[in-house]
Amino acid sequence: MLNLRTCAAKLRPLTASQTVKTISQHRPAAPRTFQQIRCYSAPVAAEPFLSGTSSNYVEEMYYAWLENPKSVHKSWDIFFRNANAGAAPGTAYQSPPPLSTRLSTLSQAQFLVQAQPNVDKLVEDHLAVQSLIRAYQVRGHHIAKLDPLGISCVNFDDAPVTVSPNVDLAVFKERLRVLTVGGFYGLDESDLDKVFHLPTTTFIGGNESALPLREIIRRLEMAYCQHIGVEFMFINDLEQCQWIRQKFETPGIMQFTSEEKRTLLARLVRSTRFEEFLHRKWSSEKRFGLEGCEVLIPALKTIIDKSSEKGVDYVIMGMPHRGRLNVLANVIRKELEQIFCQFDSKLEAADEGSGDVKYHLGMYHRRINRVTDRNITLSLVANPSHLEAADPVVQGKTKAEQFYCGDTEGKKVMSILLHGDAAFAGQGIVYETFHLSDLPSYTTHGTVHVVVNNQIGFTTDPRMARSSPYPTDVARVVNAPIFHVNADDPEAVVYVCNVAAEWRSTFHKDVVVDLVCYRRNGHNEMDEPMFTQPLMYKQIRKQKPVLQKYAELLISQGVVNQLEYEEEIAKYDKICEEAHARSKDEKILHIKHWLDSPWPGFFTLDGQPRSMTCPSTGLNEEDLTHIGQVASSVPVEDFTIHGGLSRILKTRGEMVKNRTVDWALAEYMAFGSLLKEGIHIRLSGQDVERGTFSHRHHVLHDQNVDKRTCIPMNHLWPNQAPYTVCNSSLSEYGVLGFELGFAMASPNALVLWEAQFGDFHNTAQCIIDQFICPGQAKWVRQNGIVLLLPHGMEGMGPEHSSARPERFLQMCNDDPDVFPKLDDFDVRQLYDCNWIVVNCSTPANFFHVLRRQILLPFRKPLIIFTPKSLLRHPEARSSFDDMLPGTHFLRVIPDGGPAAQSPEQVKRVLFCTGKVYYDLTRERKARQMEADVAITRVEQLSPFPFDLLQQEAEKYPAAELVWCQEEHKNQGYYDYVKPRLRTTIDRAKPVWYAGREPAAAPATGNKKTHLTELQRLLDTAFNLDAFKDLA
Ligand SMILES: Cc1ncc(C[n+]2csc(CCOP(=O)(O)OP(=O)(O)O)c2C)c(N)n1
Ligand SMILES: [Mg+2]
């Protein structure tokens, strides 16, 4: 029955009164000549012959009957007709005549069919009209006049046909051909003036329930085939489809008051004159102007006004280069002089870092929305050139802002994403971001996407750039409606933007506005477009600017006069001139003025850290024990966990009793203690809730109740901060970008992203390279995101071994050849670096580095290479003693054994990091070389602990220095460590290498080779003659 219900729900086109009632405005209940295809489910549910298994069959039968009533058995024909004629439940069905037909039954059935003269023709015509209406709804956008150039980027076999109010036969036939690919159930010219009742799946009737076919077509043409193309019929929610139909089909719905028209004109004036002003003043500067899509400014302002009216008070935006300065000036309302002085190359930046070019910087601005008279905060996220890379970042920041203000439904905070047509279609991150849009821990409750569809990407035509008809087709995967609109019709644009904003506030789902426009200049202002698009650009040269067109229209309508129009222009030009004059007084550039996410209160007013110290990251015994106990229990009643998990929790409990921690427990302690201090923690990534290696178990699942879960971490303290742990979609680029954005919103949160294996982080390389590594240098924006990257050579083959430490280390900004002159390496060195890279060898150190991340007076990204086998290694345990108050993160762990007792005797110091330490100690013990070889662990790789390693090197005056790693020589840490180690010892000695040979792949796929390689590197590490001949 379930199937039948679903199928009935899908098919229910009319008399679904509960849906329609909310939308249709009291349509008069005029008698119908023919009842529209009625939901056959409700009465049908009472039909004796229907069962769950027969519903598919019925569905097929129904569709076949819709196509051609004669194609089904007479009994079905009668049934569907009766159902549609309003037969009460249980009465629509007439038994087919049995073989031993009783005459009376047969004649009764025949009577039902014959009772209505010409019923066949009537039914067929009405069905045809319904199908025609549906064809417009589904395919009307194919023939809408979307392209201002009239050269149509969407190659749907047909050029648009113009429609006169009196639909003539030629148009009619053309439409039928285009919309239906062929004939149309016998409708012909003679039907044009026949009156047809309208189904409730259309709103073209307005107050009419029946219209002549000619008028039906005219109204459908007006709704679907003018300057707006609505793509929505793929949405599988009837209420949403009805909502959209109502917004576009209702006659006269697209009316603007004179006031609205004047506001629109004024906004177009600003948008257009801003670009012209920049062009006049800096004609040879790249600015990626908006010419050809000036309507973007009123479009965005409309979305913001409408959203503000609906209660939104914070809009977070992401956008590419095109029109960015214009958006900053006219949407966000950045002071014009701040924008203009960016064009002065002689101005020096007052802030740290390298800065970025003007069309990449972010912005944060709070002001009054003049239309709604409500406060609104607008933030434009700084973006790299890498198109669409900012999409998930914007979503993450939006989610965080919603989270911190308790906006669980996205009613107060929303995001708007802008896209270029080529990038929207081409970049996979768009798809990855769309797929976050409806996930509980990632949804921002609907994003309004605006595509500046200038029908070109740099020099490439759409037909060479995408395989989909529209650049927006990717949005269909999440059932987002897509509103294509001709950008030369400003009122149509404003209308769809209003609808888009209303859609978002009604359904809290994504929506796309596709501004079909053109690019008046080349890719940038210096670029010659005629090389590659000669005909397109001949057409563009003939194109009247949209402002001129619209001004002429309003003047012709008497809404404004020529003088008023010219005054509006002069007024804005004056604003620009005055700002330009003021901009010349600017002496220095403050990149800080371009922050997209200020952290009020975290820094001093000058933007400096409030201190340059870090307190002890240790924790009192009581808290350690308490967290440990919660971590090993089920803190809710009647909750049955898996037997295997019970054993894991029991082991944890025993560890707590013994005052020890393993990796998972150390992480628990770090998180739990920060939660107590009011720090929100968010851990996201693939399968993080359990942990890829089944060690974490932060979410317990009741074995008897579906979907009943418990997160003990949220049961630690009475007023603790919330802990969010969420399994993510299978995307690195999207999810890491999202978490980076989340971490931007507040310094008082620990946001961690864990890769399934560190190897997979490289599909998110763009986020790492463009945001995490250089973010502060480019945009003066700090970010404390933590990357947990499982790493280690454990014979698991080339794809599950390496988080590529060499890449992270190569991007560290500390100078290999300079020993830093610092009083305090512990904190000051961290302040100077672009990110922190660690590989901890003990759980306690992992605990400390996580806590330090928050207790530091500033924020830096933290890259942690995390272990796999060490998670269960009996020696990789730490005592509570190493985590008590007064203890802290150890950047270097010196040898604590016999070698350190008599350092002068030591012949070799092996410097290493991470898991190989355990292989080395085991081997050293086996070879009884504890007094000969010291092993020093470098836990913080970057910034490099020059000071501590200098002490270590000096402690062993007679020793050879060897860097030992399990990674291949051209990978791992060697290239980073070697020059720095040499600097610490003033290049007094060589630094030898013990490790795997150079290789193309990170690891062998053969277990035996893996072990042989390991043994070989251990042999080198402990062969005291290994480097004799090389010295
Ligand atoms: C990921 C990425 N690849 C390539 C480029 C180089 N690039 C800069 S703009 C551009 C064309 C963009 O076309 P479109 O998205 O349609 O935006 P438009 O410039 O037309 O507004 C390209 C390929 C880039 N910036 N980012
Ligand atoms: Mg483009």
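Just so you know, these numbers come straight off a predicted model, no measurement behind them. Position numbers for residues count from 1 along each chain, tracking the sequence in the order it is written. Chains carry letters from A onward and ligands carry numbers from 1 onward, assigned in written order. Residues qualify for local features only when their pLDDT is at least 70, as the model is predicted, and side-chain atom pairs are given and counted only at 80 or more; totals for whole chains, interfaces and linings, by contrast, use all residues. Calculation of side-chain values draws on the structure's entire complement of heavy atoms; hydrogens and water are dropped beforehand.

**Q** Help me get a handle on the overall build of the chain, residues and values and all.
**A** Runs of H or I in DSSP of at least four residues are treated as helices and runs of E of at least two as strands, each being numbered from the N terminus. On a plain count of helices and strands, the chain comes out with 36 helices and 28 strands. Note on exposure labels: buried denotes an accessible area under 20% of the residue type's maximum, exposed denotes more than 50%, and partly exposed covers the range between, all computed with a 1.4 Å probe on protein chains only. By residue count, 60% of the 1031 residues in the chain fall in the buried class. Residues count as neighbours in contact if any of their non-hydrogen atoms are within 4.5 Å of one another. In the chain, once contacts between residues fewer than 6 apart in sequence are set aside, the share between residues at least 24 apart is 80%. Per element, the accessible surface of the chain, about 41300 Å² overall, is 51% carbon and sulfur. Each accessible area value is a Shrake-Rupley result obtained with a 1.4 Å probe; residue values ignore everything except the protein chains displayed when judging cover.

**Q** Which residues make up the pairing of strand 19 (residues 786–790), and what values do they have?
**A** A regular strand places its side chains on the two faces of the sheet in alternate fashion. Counting buried residues along strand 19, five of its five residues qualify, which places the element largely inside the surrounding structure. Residue alternation in strand 19 divides its side chains into two sets, Val786, Leu788 and Pro790 and Leu787 and Leu789, and both sets are buried. Note: strand 18 (residues 749–754) against strand 19, three bridges, orientation parallel. Residue pairing in the sheet places Glu754 in a bridge with Leu788 of strand 19. Pairing between strand 19 and strand 21 (residues 862–866): five bridges, direction parallel. In the sheet register, Leu787 faces strand 21, and the bridge partner there is Ile863. Whether two strands pair depends on DSSP finding at least two bridges between them.

**Q** Describe the coordination of the magnesium ion (ligand 2), and please don't skip the residues or the numbers.
**A** As a benchmark, a tetrahedral metal site with four donors has ideal angles of 109.5 degrees, while an octahedral site with six donors has ideal angles of 90 or 180 degrees. Listed donor atoms are N, O and S within 2.8 Å of the metal (Na, K and Ca: 3.2 Å). As water is not included, a site may look incomplete. Protein ligation of the magnesium ion (ligand 2) involves Asp421 (OD), Asn454 (OD1) and Ile456 (O), the donor distances falling in the range 2.0 Å. Here the donor residues of the magnesium ion (ligand 2) are spaced in sequence according to D-x32-N-x1-I. Ile456 matches Asn454 in its accessibility class, with the two residues each being buried.

**Q** Got a sec to walk through the side chain of Arg851? Specific residues and values, please.
**A** Within the secondary structure, Arg851 is located in helix 31 (residues 843–855). The exposure class assigned to Arg851 is buried, which follows from its relative accessible area of 3%. Polar contact criterion, stated in full: a pair of N or O atoms within 3.5 Å, where within protein one must be able to donate a hydrogen and the other to accept it, and residues adjacent in sequence count only if both atoms are side-chain atoms. One polar contact links Arg851 to Glu677, side chain to side chain, over a distance of 3.4 Å.

**Q** Describe the site of ligand 1, with residues and values.
**A** Taken together, 15 residues lie near ligand 1, and Arg322, Ser385, Asp421, Ala422 and Ala423 sit nearest. Ser385 places a polar main-chain atom, nitrogen or oxygen, 2.9 Å from a nitrogen atom of ligand 1. At a separation of 2.5 Å, an oxygen atom of ligand 1 approaches a polar side-chain atom of Asp421. Summarising the interface, the protein chains cover 74% of the accessible area of ligand 1, which totals 580 Å² for the free molecule. The element contributing the most residues to the shell around ligand 1 is helix 16 (residues 421–426), with three residues. Asp, Glu, Lys and Arg are counted as charged, while Ala, Val, Leu, Ile, Met, Phe, Trp, Tyr, Cys and Pro are counted as nonpolar; the rest, among them Gly, fall into the polar class. The residue inventory of the shell around ligand 1, partitioned by class, reads five nonpolar, eight polar and two charged. Here a residue is considered near a molecule or strand provided that any single heavy atom belonging to it is located within 4 Å of it.

**Q** Explain the packing of aromatic side chains to me, and be specific about the residues and the numbers.
**A** Only rings of Phe, Tyr and Trp enter the pairing, Trp through its six-membered ring, and a pair is recorded when the two centres are within 6.5 Å. The plane angle decides the type: under 30 degrees is stacked, over 60 is edge-to-face, the rest tilted. As enumerated under the stated definition, the model contains 35 aromatic pairs in all. Seen in terms of ring centroids, Phe819 and Phe946 are 5.6 Å apart; in terms of plane orientation they differ by 55°. Their pairing is tilted. Placement of the pair is Phe819 in the loop between helix 29 (805–810) and helix 30 (825–832) and Phe946 in helix 34 (residues 946–955), with a sequence separation of 127 residues. Exposure remark for Phe819: the relative accessible area of 25% places this residue in the partly exposed category. An aromatic cluster is present here, built from Phe274, Phe277, Trp282, Phe340 and Phe343 joined pairwise through their rings.

**Q** Tell me about the pattern of salt bridges, and name the residues and values.
**A** Think of a salt bridge as a Lys or Arg side-chain nitrogen and an Asp or Glu carboxyl oxygen that are within 4 Å of each other. This model, assessed by the stated rule, comprises 56 salt bridges. Between Lys707 and Asp706 there is a salt bridge, with its nearest N and O atoms 3.3 Å apart. Judged by relative accessible area, Lys707 falls into the exposed class, the value being 72%. Between Arg996 and Glu1013 there is a salt bridge, with the nearest N and O atoms lying 2.5 Å from each other. Here Arg996 is found in strand 28 (residues 991–996), whereas its partner Glu1013 is found in helix 36 (residues 1007–1022), with 17 residues between them in sequence. As far as burial versus exposure is concerned, Arg996 and Glu1013 are alike and both buried. Taken together, the salt bridges that share partners define one network made up of Lys121, Asp125, Asp191 and Lys194.

**Q** Could you give an account of the sheet that holds strand 17 (residues 723–727), naming the residues involved and the relevant values?
**A** If you walk across this open sheet you meet the seven strands as 17-14-18-19-21-20-26, and the pairing is mixed. This sheet does not close on itself; its edge strands, each paired only once, are strand 17 and strand 26 (940–942). Strand-to-strand twist across the sheet, computed as the mean angle between neighbouring axes with direction ignored, equals 20°. Note on method: axes are straight lines fitted to C-alpha atoms, helices fitted across the in-contact stretch only, with angles between N-to-C directions ranging 0 to 180 degrees. Helix-sheet contacts for helix 31 involve strand 18, strand 19, strand 20 (836–838), strand 21 and strand 26, and the interaxial angle to strand 21 is about 165°.

**Q** Account for the packing of helix 25 (residues 663–676) against helix 31, with residues named and values stated.
**A** Where helix 25 contacts helix 31, the two axes come as close as 8 Å, and the packing angle between them is 25°. Taken together, helix 25 and helix 31 sit at an angle that is classed as roughly parallel. As helix 25 runs across helix 31, the sense of the crossing is right-handed. Of helix 31, the residues touching helix 25 (which contributes Trp663, Ala666, Glu667, Met669, Ala670, Phe671, Ser673 and Leu674) are Pro843, Phe846, Phe847, Leu850, Arg851 and Ile854. Here the residues of the contact of helix 25 with helix 31 are counted per class, giving 11 nonpolar, one polar and two charged. Should an angle fall under 35 degrees it is taken as roughly parallel, and over 145 as roughly antiparallel, whereas 65 to 115 is taken as roughly perpendicular and any remaining angle as oblique. Should the near helix be turned anticlockwise from the far one by less than a right angle, the crossing is left-handed, and should it be turned clockwise, the crossing is right-handed.

**Q** Talk me through the environment of Cys766; I want residue IDs and the actual numbers.
**A** Residue placement: Cys766 occurs in helix 27 (residues 765–772). Taking the relative accessible area as the measure of exposure, Cys766 reaches 15% and is therefore buried. The spacing of Cys766 and Gly737 is 29 residues in sequence and 9.0 Å in space, taken between C-alpha atoms. When residues no more than four places from it in sequence are discounted, the contact partners of Cys766 are His386, Ala389, Tyr733 and Phe771.

Treat this as a map of the structure, not an account of what it does.
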